[in-house]
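# Descriptive analysis of the structure
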Amino acid sequence: MVPMLESTISSCWELEASNIKRTHRKRTNLDGQTVDAMATPVVGTIIDRKGSRRAWHLFGSSMVCLSFPLIFNPRFATLWVQFIYYAACITIFQISWALVQISHLSLIPELTHVTEERAELTSIRYMSSVCSNITVYVFAWLFLHDSMGMRMDLIGPADSYKFQSLSFVVTFTGVIGTLLFHCFVHEKGSSASISNPSSNNQTFPRTESQYCCQSELYKVATLYTASRLFLTISMVYIPLYVNEAHVSDSGTLASVPLVSYIASLGASLLMRHQKSVFTDNSFNYFVGTLACIFGCLFVYFNPRSEETIVYIYIAAGLFGVGSAITTVVSLCITANLVGPNTERGAFVYSLVTFADKLLNGLAIVIIEFLKCDKMQMQMSECAHYYRDVLALVNGVLSVIGYLVLLTLPNMLLVSS
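## Some words on the environment of Val-136
Positionally, Val-136 belongs in helix H5 (residues 115-144). Sequence separation of Val-136 and Val-170 is 34 residues, and the distance between their C-alpha atoms is 7.1 Å.

## Description of the environment of Ala-324
Along the chain, Ala-324 turns up in helix H11 (residues 308-338). Each C-alpha atom, one on Ala-324 and one on Ala-267, is 6.3 Å from the other, the two residues being 57 residues apart in sequence. Ignoring sequence-local partners within four residues, the contact set of Ala-324 consists of Tyr-126, Ser-264, Ala-267 and Ser-268.

## Observations concerning the nonpolar core
Core analysis: the biggest nonpolar cluster contains 44 residues, and Ile-333, Tyr-349 and Leu-408 have the highest contact counts within it. Sorting elements by how many residues they give to this core places H11 first, with ten residues. Contact partners of Leu-408, with chain neighbours within four places excluded, come to Glu-216, Lys-219, Val-220, Leu-223, Ile-333 and Leu-413. If you look at the next biggest cluster of nonpolar residues, it comprises 26 residues, including Val-242, Phe-319, Tyr-385 and Leu-390.

## Brief notes about the packing of aromatic side chains
Overall, the coordinates contain twelve aromatic pairs when judged by the stated rule. Measuring from ring centre to ring centre gives 5.2 Å for Tyr-300 and Phe-301, while their planes differ by 80°; the resulting arrangement is edge-to-face. A relative accessible area of 32% places Tyr-300 in the partly exposed class. Owing to a relative accessible area of 54%, Phe-301 belongs among the exposed residues under this scheme. Chaining the aromatic ring pairs together yields one cluster made of Phe-68, Phe-72 and Phe-93. Here the guanidinium or amino end of Arg-387 rests over the ring plane of Tyr-300, the centre of that ring lying 4.4 Å away.

## Topic: the confidence of the model for the chain
On average, residues of the chain score 81 in pLDDT, and 79% of them are at 70 or above. The low-confidence segment residues 1-25, where pLDDT is below 50, has 86 contacts with residues more than four positions distant or belonging to other chains. Note on residues 191-201: pLDDT under 50 across the span, and 21 contacts to partners over four residues away in sequence or across chains.

## Re the side chain of Thr-353
If you trace the backbone, Thr-353 turns up in helix H12 (residues 345-370). When its relative accessible area of 1% is taken as the criterion, Thr-353 is described as buried. Here the side chain of Thr-353 touches Ser-350 through a polar contact of 3.3 Å, landing on its backbone oxygen. Non-local contacts of Thr-353, meaning those with residues more than four positions away in its chain, are made with Thr-40, Ile-102, Leu-105 and Tyr-224.

## Some remarks on helix H8 (residues 215-244)
Between its first and last C-alpha, H8 extends 42 Å over 30 residues, near the 44 Å set by a 1.5 Å rise per residue. Of all 30 residues that make up H8, 23 are buried, and the element is covered over most of its length. Once H8 finishes, His-246 follows within two positions and takes phi at roughly 60°, a positive value.

## Side note on the pattern of salt bridges
Enumeration over the complete set of coordinates arrives at eight salt bridges. Salt-bridge contacts for Arg-49 lead to Glu-208; the nearest nitrogen and oxygen are separated by 3.4 Å. Placement of the pair is Arg-49 in helix H2 (residues 22-49) and Glu-208 in helix H7 (residues 208-212), with a sequence separation of 159 residues. Classification of Glu-208 by relative accessible area gives buried; the value is 14%. As a salt-bridge pair, Asp-356 and Arg-228 come within 3.9 Å of each other at their nearest N and O atoms. Of the two residues, Asp-356 sits in helix H12 while Arg-228 sits in helix H8, which places them 128 residues apart along the sequence.

## Examining the state of the cysteines
With the rule as written, the count across this model stands at zero disulfides. Not engaged in a disulfide, the cysteine Cys-296 finds its nearest cysteine sulfur in Cys-292; these two sulfurs lie 6.9 Å apart. Under the relative-accessibility criterion, Cys-296 is labelled buried at 4%.

## Digging into a nonpolar patch on the surface
Where nonpolar side chains cluster on the molecular surface, the patch consists of Phe-283, Phe-286, Val-287, Leu-290, Phe-294, Leu-297, Tyr-300, Phe-301 and Leu-392 and spans about 780 Å² of accessible area. With seven residues, helix H10 (residues 282-300) is the largest single contributor of residues to the nonpolar patch. If you trace the backbone, Val-287 turns up in helix H10.

## Things to note about the packing of H8 against helix H9 (residues 252-273)
Between H8 and H9, whose axes approach to 9 Å, the crossing angle comes to 145°. For the crossing formed where H8 meets H9, the hand is right-handed. Counting all contacts with H8, which are made through Met-235, Ile-238, Pro-239, Val-242 and Asn-243, the residues of H9 involved are Thr-252, Leu-253, Val-256, Pro-257, Ser-260 and Tyr-261.

Criteria and cut-off values
- The numbering scheme is per chain: residues are counted from 1 as the chain's sequence reads.
- pLDDT decides what is reported in this predicted model: residues at 70 or higher carry local features, side-chain atom pairs at 80 or more are listed and counted, and totals for whole chains, interfaces and linings draw on all residues regardless.
- Side-chain figures throughout are based on the complete set of non-hydrogen atoms in the structure, without hydrogens or water.
- Helix and strand labels come from DSSP, where a helix needs a run of H or I of at least four residues and a strand needs a run of E of at least two; each type is numbered from the N terminus.
- Contacts were defined at the residue level, with two residues in contact if any of their heavy atoms lie within 4.5 Å.
- For our purposes a nonpolar core is just a set of buried Ala, Val, Leu, Ile, Met, Phe, Trp, Tyr and Cys residues, chained together by side-chain atoms within 4.5 Å.
- Partly exposed describes any residue whose relative accessible area lies between the buried limit of under 20% and the exposed limit of over 50%, with all areas from a 1.4 Å probe on protein chains only and scaled to the type maximum.
- Working definition: a ring pair exists when centres of Phe, Tyr or Trp rings (six-membered ring for Trp) sit within 6.5 Å. Plane angles under 30 degrees give stacked, over 60 give edge-to-face, the rest tilted.
- A ring is considered to have a charge above it if a Lys NZ or an Arg CZ atom is located within 6 Å of its centre and within 35 degrees of its normal.
- The pLDDT value tells you how sure the predictor is about a given residue, anywhere from 0 up to 100.
- Pairs of N or O atoms within 3.5 Å make up the polar contacts considered here, provided that, within protein, one atom can donate a hydrogen while the other can accept it, and that residues adjacent in sequence are counted only when both atoms are side-chain atoms.
- The length a helix should cover is 1.5 Å for every residue beyond the first.
- Each reported salt bridge corresponds to a side-chain nitrogen of Lys or Arg within 4 Å of a carboxyl oxygen of Asp or Glu.
- In this description, a disulfide is simply a cysteine sulfur pair whose atoms lie within 2.5 Å.
- Patches here are clusters of residues that have more than 30% relative accessible area and form no salt bridge, with a 9 Å joining cutoff for like charges and a 5 Å cutoff for nonpolar side chains (Val, Leu, Ile, Met, Phe, Trp, Tyr).
- With residues, only the protein chains shown are counted as cover, and all accessible areas are computed by Shrake-Rupley using a 1.4 Å probe.
- For every element, the axis is a line fit to its C-alpha atoms; helices are fit only across the contacting stretch, and the angle between N-to-C directions ranges from 0 to 180 degrees.
- Handedness of each helix crossing follows the sense of rotation of the near helix against the far helix: counterclockwise by less than a right angle gives left-handed, clockwise gives right-handed.

Written out as structure tokens, the structure reads:
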């Protein structure tokens, strides 16, 4: 359920963009991200203190299934009524989504205290997320393939019923996944120690206040936010970069994101099966950072010739590989930060993901605010706006993430 709905939020909402006026869409989307961010620490504390993680996951999933299809209801007469309706639906959805995501993430250290097994569960979770992205992508193509090849500028209010049908199909699929999850996954009790002998001598925080006073918490949050923001910017702006590059083949707009998804799937699969050749995650993150930076270079130095499409596909593949590795590693490090104190797992995950949720929406709004208008986009100084966003912004994020990684203690970097 978690990966399916996570991918649906990004995929369906991005395709829905042309149906809502730009200013109100940005405001509603940012409001939803802000509500999600603010609710996350509260949700994390509640999950740790009240009830089981599986119970909170089931409750959140139920609320998500009820609220998510309402986001794709038909339009209203006035824009402000439409805005208020979407703001209310998205607020309910985002609070419920925070319950689902944090309870699901905090189950990873609860299910096993072996570091290598936690890393494998994290890789499986990310693999499931990528598979869900591809599934939603296929569903969207089935519903929208007759809308002139899914071109964003040719999808309008007449296609509203397709998005509504798509939301019902994806929600139903997520319900099946949730039922299977609750049938086969059982929560275990907390343990006093972690099975990794190297961490037995380390002192882990025991309370929320001790975690908040630990600088490593904010470093890990920065690391995770950098990897997630890289992923978000890549997936949002690659299609726009394809349009900016004036690629004549209309099928490229649909196939480039798919290449990135498939590359992410391959990278997460390798992450799952990689054994302890290297005893820490720093090398893995370094490889992911290199893939991200090389992807940025392929975007920036695209020759704008017959080889343009080749450069775009290579960059998309590298973005997929790099973002998959850095995201998985940052979540593995978060699990290491939880350590043996699984009773504080939801709180730790909620604080680590707080900045990601807040800054992702804010970053997109800022990038769109700084964008040139249509006339300026045709001029030389603005002709490469999306290229610069993908290459320069993502490049800076990659460097920041790796520099933060270098400051983390070895106890957080162990992978086996």
